[in-house]
Amino acid sequence: MHSRTVFRLFWALTFLLSGCSVDMDTLHSELYCDSQVSNWHKIGELPAHTGKDSFPGIAAAFYGSLGDYLIIAGGTNFPDGHPFFNGSKKNYESRGLIYSVADGDLALVKTFELPEPSGYGATVKHENSLYFVGGANEKGFLNSVIKVALEKDGTPNIQKLPPLPLAWSDGGAAVYDDRLYLFGGKVNGEAINDVISVPLHGANSNDVIKHRGIPGTLTRTSFPSIKLGKGMYIFGGLYSDPSDGKYVLADSYRFDFITGEWKALSDITLDGLPYSVLGASAVQLGPQSVLLLGGVNYEIFNDTLAKLSNLKGEALSDFKKHYFSQPPDYYQFSRVQMEYRTDIDRWLPLNSKLPFNGGAGPVQVIRSGEYIYHFGGEIKPVARTPDIYRGEIGR
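The model shown is predicted, which means the values in this text are computed figures rather than measured ones.

Caption draft 1: Inspection of the overall build of the chain at higher detail. Counting secondary structure elements, the chain contains 4 helices and 31 strands. Among the 395 residues that make up the chain, the fraction classed as buried is 53%. In the chain, the proportion of contacts linking residues at least 24 apart, taken out of those at least 6 apart, comes to 54%. Total accessible area on the chain is roughly 17,900 Å²; 48% of this is exposed by carbon and sulfur atoms. Taking the 36 positively charged and 42 negatively charged side chains of the chain as two groups, their mean positions are separated by 1 Å.

Caption draft 2: Up close: the packing of aromatic side chains. Tallied over the full model, the rule gives 28 aromatic pairs. Between the aromatic rings of Phe 62 and Phe 132, the centroid separation amounts to 4.6 Å while the plane-to-plane angle is 15°, which identifies the pairing as stacked. Taken as a pair, Phe 62 in strand 2 (residues 62-66) and Phe 132 in strand 9 (residues 129-133) lie far apart in primary sequence, 70 residues in all. Seen in terms of ring centroids, Tyr 330 and Tyr 331 are 5.1 Å apart; in terms of plane orientation they differ by 85°. Their pairing is edge-to-face. For Tyr 330, a relative accessible area of 33% gives the class partly exposed. An aromatic cluster is defined as three or more aromatic residues linked by ring pairs; in this entry it consists of Phe 84, Phe 85, Phe 319, Tyr 323, Phe 324, Tyr 330, Tyr 331 and Phe 333.

Caption draft 3: Structural detail: unusual backbone geometry. Here Gly 361 and Pro 362 are connected by a cis peptide whose omega angle stands at -5°. Summarising the element assignment, Pro 362 is placed in the loop between strand 28 (346-349) and strand 29 (364-368). If you check the backbone angles, Ala 60 has positive phi at about 60° while not being a glycine. One can find Ala 60 in the loop between strand 1 (36-45) and strand 2. Positioned with a positive phi, Tyr 120 is a non-glycine residue whose angle comes to about 70°. Among the structural elements, Tyr 120 can be located in the loop between strand 7 (107-113) and strand 8 (122-126).

Caption draft 4: Structural view of the sheet that holds strand 7. The sheet built from 4 strands is open, its strands ordered 2-3-6-7 with antiparallel pairing. A strand with exactly one partner marks an edge of an open sheet, and here the two such strands are strand 2 and strand 7. Pairwise comparison of adjacent strand axes, ignoring direction, gives a mean angle of 20° for this sheet. Examined bridge by bridge, strand 6 (residues 95-100) and strand 7 share 6 bridges and lie antiparallel to one another. Bridging across to strand 7, Gly 96 finds its partner in Phe 112.

Caption draft 5: Structural context of helix 3 (residues 313-324). Counted at 1.5 Å a residue, the expected span for helix 3 with its 12 residues is 16 Å, and the 17 Å between its end C-alpha atoms agrees. Every buried residue belonging to helix 3 is among Leu 316, Phe 319, Tyr 323 and Phe 324, and all of these are buried. What you see down the axis of helix 3 is that its buried residues fit within an arc of 110°, all on one side. The exposed residues of helix 3 that point more than 90 degrees off its buried face are Glu 314 and Lys 321. Buried residues along helix 3 sit in contact with helix 2 (298-310) and helix 4 (328-331).

Caption draft 6: Local environment of the pairing of strand 21 (residues 248-256). Within strand 21, 8 of the 9 residues are buried, which leaves it mostly tucked inside the rest of the structure. Pairing geometry for strand 21 and strand 22 (residues 262-264), over 3 bridges, is antiparallel. By the bridge assignment for strand 22, Phe 255 is matched with Trp 262. Connecting the antiparallel pair strand 21 and strand 22 is a turn made up of 5 residues, with Gly 260 showing a positive phi of about 75°.

Caption draft 7: Region of interest: the side chain of Gln 364. Relative to the assigned elements, Gln 364 resides in strand 29. A polar contact of 3.0 Å, which involves the side chain of Gln 364, links it to the backbone nitrogen of Ala 60. In this structure the side chain of Gln 364 is engaged in a polar contact, spanning 2.7 Å, whose partner is the backbone oxygen of Phe 375. Excluding anything up to four places from it in sequence, Gln 364 contacts Ile 58, Ala 59, Ala 60, Ala 61, Tyr 63, Ile 72, Tyr 373, His 374, Phe 375, Gly 376 and Gly 377.

The rules behind these values
Residues numbered from 1 in each chain as written. Predicted model: local features only at pLDDT ≥ 70, side-chain atom pairs only at ≥ 80, totals over all residues. Heavy atoms only, no water. Helix = DSSP H or I, 4+ residues; strand = E, 2+ residues; numbered from the N terminus. Buried < 20%, exposed > 50% of the residue type's maximum accessible area, 1.4 Å probe, protein only. Contact = heavy atoms within 4.5 Å. Areas by Shrake-Rupley, 256 points an atom, 1.4 Å probe, with all protein chains shown as cover. Lys, Arg positive; Asp, Glu negative; His and termini not counted. Charge placed at Lys NZ, Arg CZ, Asp CG, Glu CD. Phe/Tyr/Trp six-rings, centres within 6.5 Å; stacked < 30°, edge-to-face > 60°. Pairing = 2+ DSSP bridges. Axes fitted to C-alpha atoms, helices over the stretch in contact; angles between N-to-C directions. Expected span 1.5 Å × (residues − 1). Arc of directions from axis to C-beta. Polar contact = N/O pair within 3.5 Å; in protein donor to acceptor, adjacent residues only side chain to side chain.

In structure tokens form, the structure reads like this:
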């Protein structure tokens, strides 16, 4: 064996033993040590509403960080039981929670109310504010844009901006050059793959720019996304009407805000098989890496959606009774900590998995400093959790 090969294999083994990742396909050109996220543990629960003994958990909320504060607002749950077994309806929350994490510790310091209950919108962080964009509630789909800023003590300033020229939900959003971009999702409840932009502080129907739509499928919803520099990254999602039975998407793309063009990235895979991040959340882990947590199981969810679409009558009822009766482990929501490396266009699982049930719904994940906070999420279809976990970023 060539001495250089022996040397590289030695260092690869050293990296692996130290808890770092090694991409064997690039071993002859590059060895690198990625950040790891470990020491996950439960640090609290989302609080019950006044007069209630417990809180049923939450998914599809607005969420983000401003300075040493974490904000989570709105979202959905089922406090009155399961819609199939109990006939209950989905509840949309209007409550907002503000936590201080000055030293990594979590402390609830303020609460507030959104102008109306909402879930399934998008959160955009721009300068020193969060923008809660679109969403839905029991009355229908929303065209609202809500700006949230904080005083030094965490007191929120809530401002309702001019509305979007359309009702929008279930997609990705970002701000670039003072324009608010909306990627895919739903318009008035209908799934799309369009990309449009409007002025951030004065959205109106007379200043709407339509950009190239997201490639790959005719529609795309419920995907994690993240803006890095001059690009927007779109990962997987849901295709509502596939001809091949593949509802869960495992492709990924980057949109260039300068050129308006799309670039296809590596498909999302794990052990050589398609991997789902549908219902996951994305945070920046390093200068050239994104961490995705959560997501439904690719095979199980594709099979389930096919049966829900094609079965009829008693067969459909029997399937729902069986499917919705299973414990969380049956659904295999992902506990993998999946990293995407932007510099080498590779998907790499971190060395450890989450030590708790994976989330979807979508789940809410926020990075603040060297900690990552995992709020609630759906742990099986319909069922949410109020649990809050924290992991530490290290080398």
